[in-house]
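Reading the structure
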Amino acid sequence: MMIHSLALPPSDAEVDAWLAVLTSAAVADLPQLPPPSRVEVAGRLCVTPARGRPVLWTAGAGVGAGESEGVAALLLFTEEGNTHTAFLDVLTVRPGARRRGVGTALWERVREELLADGRTSVAAMLDLGGPGQAFAEAMGFENVLPMAWYAQDVPAAAGAPAGAAADGPAQPPATPGYELLTWYGLVPDAWAPAAAAAHAAMEDAPTGDMDERIQTWTPERLHALQQLILDRGGDMITVAAVTPGGEVAAYTEIVLPDPEGTSALQYDTVVVPAHRGHGLGRAVKRHMAAQAAARHPQLRRIATTVADENGPMRAVNEALGYRRERGVGIYQIKL
C-alpha cells in the first residue's frame, strides 16, 4: 500500500481527490446527511489551523495515477500545555477499498508521525455504530467522552425577529436587564475582552478523560480562531446576551463551513455561572436560529454535539426542538 504525504497547501487535484473519498464515504455511511462541499474541504486542507501543525496523507497510486483509496489528516497541537497530544481529524477509506488494509496502513503512518514528534496520545471524533468505531477500537482507542449529534430543522419561512439588526440590540430576552447583540464574523474589538471572559465559562463543560487541556481565552485567541473560520471560506454568527455594565452573560455561535450550503454547525453555547437560571441559553439560541435563517435563506439544518452527561444543555436543546440524531464519541489512545 502506497501512502503519500501531501505538501501544504495541496493542489486543486489533490483537494478534488480528497473530496471524492469523503463524499463516497459520506454517501455510504451517512446517506441522510448532505456530503461535504468543496468549499469546506478546500478550506480545511489549504488554510493552516490556528492551534497546531497539520499533516496530510493519501493512500493509493497518487494523484494522476488513479483515485485515492483513503485519506488521513492529523493536527499536532502547538498550544502551550497540549504539545503532548494531537487530534486525528480524518482517517477515511473509500467504501470500495475497505477491508484491504488501507485504513491500517494510514494509521501506521499517523502513529509513526505521532511517535516521531514525541506525542503520547491522540484523539478523534467518531460516529457510534459505524465503521470508524469498529476500526478505532480494533486499534486500541477508547471512548473517553460519550456524546450525541442533535439537529434542529430551520423552516424555509424563518426570519429575524422584527427590530433585530446586525451589531445592534434585538428583542430582549424574557429576563429584564439583558439585551441581545448579534455579531457577524469577528466579535467587535470593543466586546472581545468580555466575550473572551465568557468563553472561559466553558471550563466547566464535560471533557471526560481527554488528554487535551483547556486553553486560556484571550481576545487575541478568540479572534484568531474566528478568523480561521472566515479564511477557510465559512461564515460565523455570534449572539450574546449582555448587561448594561458591558458583561457578556451568555452567548452562542453558529458556523456555516460553506455559506451557500444548507447545513450549519452550532458551536459553543455558554451561560456564565452568575447569570444561569434566567433562560438566557434558550434566548440566545432561539434568536440565533432566526438570525442565521435571515442571513442564509437556504439554511435548513443546524447540528450540534452535546456530551451525554451535560443534562442542562440537552434540556435547552430539547426545548428548542433539537432531536437526537446519532451517538458520537471522542475516542483516544495512549501511545
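Just so you know, these numbers come straight off a predicted model, no measurement behind them.

**Some details on the overall build of the chain**
A count of helical and extended segments in the chain gives eight helices and twelve strands. Since a compact globule built from 335 residues should have a radius of gyration of about 20 Å, the 20 Å found for the chain is in line with a globular shape. Sorting the 335 residues of the chain into buried and exposed places 50% on the buried side. Taking contacts inside the chain between residues at least 6 apart in sequence as the whole, the part at least 24 apart equals 71%. Entry remark: accessible area of the chain is about 14900 Å², with carbon and sulfur atoms responsible for 53%. Computed over 26 positive and 38 negative side-chain charges, the separation of the two mean positions in the chain equals 4 Å.

**A few points about unusual backbone geometry**
Of the consecutive residues L8 and P9, the connecting peptide bond is found in the cis state with omega at -5°. Within the fold, P9 resides in the loop between β1 (3-5) and α1 (12-29).

**Description of helix α8 (residues 311-319)**
Those residues of α8 that fall on the buried side of the exposure criterion are M313, V316 and N317. Here the buried residues of α8 occupy an arc of 95° about the axis, which is enough to place them on one side. Among the exposed residues of α8, those pointing more than 90 degrees away from its buried face are P312, E318 and A319. Buried-residue contacts for α8 involve β10 (263-271), α7 (280-295) and β11 (301-307). Where α8 begins, the capping side chain belongs to N310, and its oxygen is found 3.3 Å from the backbone nitrogen of M313. Just past α8, the residue G321 takes up positive phi, approximately 95°.

**Things to note about the pattern of salt bridges**
All told, the structure shown has 18 salt bridges when counted by the stated rule. Note that D211 is salt-bridged to K334, the shortest N-O span being 3.9 Å. Of this pair, D211 sits in the loop between α5 (192-199) and α6 (219-231) while K334 sits in strand β12 (residues 323-334); the two residues are 123 residues apart in sequence, bridging distant segments of the chain. For K334, a relative accessible area of 55% puts it in the exposed group. Linked by salt bridges that have partners in common, D127, D153, R301, R323, E325 and R326 make up one network.

**Describing α7**
Owing to its 3.6 residues per turn, the α-helix brings residues three or four apart onto one side. Over its 16 residues, α7 extends 22 Å from the first C-alpha to the last, a length consistent with the 22 Å expected when each residue adds 1.5 Å. Of all 16 residues in α7, twelve are buried; the element is thus mostly enclosed. Every buried residue of α7 is accounted for by L280, G281, A283, V284, K285, H287, M288, A289, A290, Q291, A292 and A293.

**Re the environment of V47**
Examined against the element boundaries, V47 turns out to sit in the loop between α2 (38-46) and β2 (52-59). Here the alpha-carbon distance between V47 and D29, two residues 18 residues apart in the chain, equals 27 Å. Each residue touching V47, except ones within four places of it in the same chain, is listed here: A42, L228, D231 and R232.

**A closer look at the side chain of T304**
Mapping T304 onto the fold places it in strand β11. Relative accessible area serves as the criterion here: at 5%, T304 is assigned to the buried category. Within polar-contact distance, the side chain of T304 engages the backbone oxygen of Q266 at 3.2 Å. Look past the residues within four positions of T304 in its chain and what remains in contact with it is A148, W149, Y150, Q266, Y267, N317 and Y322.

**Examining the nonpolar core**
One finds I254, L280, L299 and I302 to be the most contacted residues of the largest nonpolar core, which totals 27 residues. Secondary structure elements with two or more residues in this core: β6 (142-153), β8 (235-242), β9 (248-256), β10, α7, β11 and α8. Tallying contributions element by element places α7 first for this core, with six residues. Every residue in contact with I254, bar those within four places of it in the chain, is listed here: D235, M236, I237, A264, L265, Q266, Y267, M288, A292 and I302.

**Comments concerning the packing of aromatic side chains**
This structure, assessed with the given rule, holds two aromatic pairs. Look at W183 and W191: their rings are 5.8 Å apart centre to centre, the planes differ by 40°, and that puts the pair in the tilted class. Across from the ring centre of W217, 4.3 Å away, lies the NZ or CZ of R221, which sits over that ring. Just above the ring of Y184 sits the side chain of R295; from NZ or CZ to the centre is 4.2 Å.

**Describing the confidence of the model for the chain**
Per-residue confidence for the chain gives a mean pLDDT of 90, with 91% of residues at or over 70. Low confidence marks residues 158-170, where pLDDT is under 50. Its contacts with residues over four positions away, or in another chain, come to 33 contacts.

**Focus: the pairing of β6**
Where β6 and β12 come together, nine bridges link them in antiparallel fashion. When the sheet's bridge partners are listed, M147 is paired in β12 with V328. Taken together, the seven bridges between β6 and β11 define a ladder with antiparallel strand orientation. Paired with D153 across the bridge in β11 is R301.

How each quantity is defined
- Residues numbered from 1 in each chain as written.
- Predicted model: local features only at pLDDT ≥ 70, side-chain atom pairs only at ≥ 80, totals over all residues.
- Heavy atoms only, no water.
- Helix = DSSP H or I, 4+ residues; strand = E, 2+ residues; numbered from the N terminus.
- Rg over C-alpha atoms; globule rule 2.2 N^0.38 Å.
- Buried < 20%, exposed > 50% of the residue type's maximum accessible area, 1.4 Å probe, protein only.
- Contact = heavy atoms within 4.5 Å.
- Areas by Shrake-Rupley, 256 points an atom, 1.4 Å probe, with all protein chains shown as cover.
- Lys, Arg positive; Asp, Glu negative; His and termini not counted.
- Charge placed at Lys NZ, Arg CZ, Asp CG, Glu CD.
- Arc of directions from axis to C-beta.
- Polar contact = N/O pair within 3.5 Å; in protein donor to acceptor, adjacent residues only side chain to side chain.
- Salt bridge = Lys/Arg side-chain N within 4 Å of Asp/Glu carboxyl O.
- Expected span 1.5 Å × (residues − 1).
- Core = buried A, V, L, I, M, F, W, Y, C linked by side-chain atoms within 4.5 Å.
- Phe/Tyr/Trp six-rings, centres within 6.5 Å; stacked < 30°, edge-to-face > 60°.
- Lys NZ or Arg CZ within 6 Å of the ring centre and 35° of its normal.
- pLDDT = per-residue confidence, 0-100.
- Pairing = 2+ DSSP bridges.

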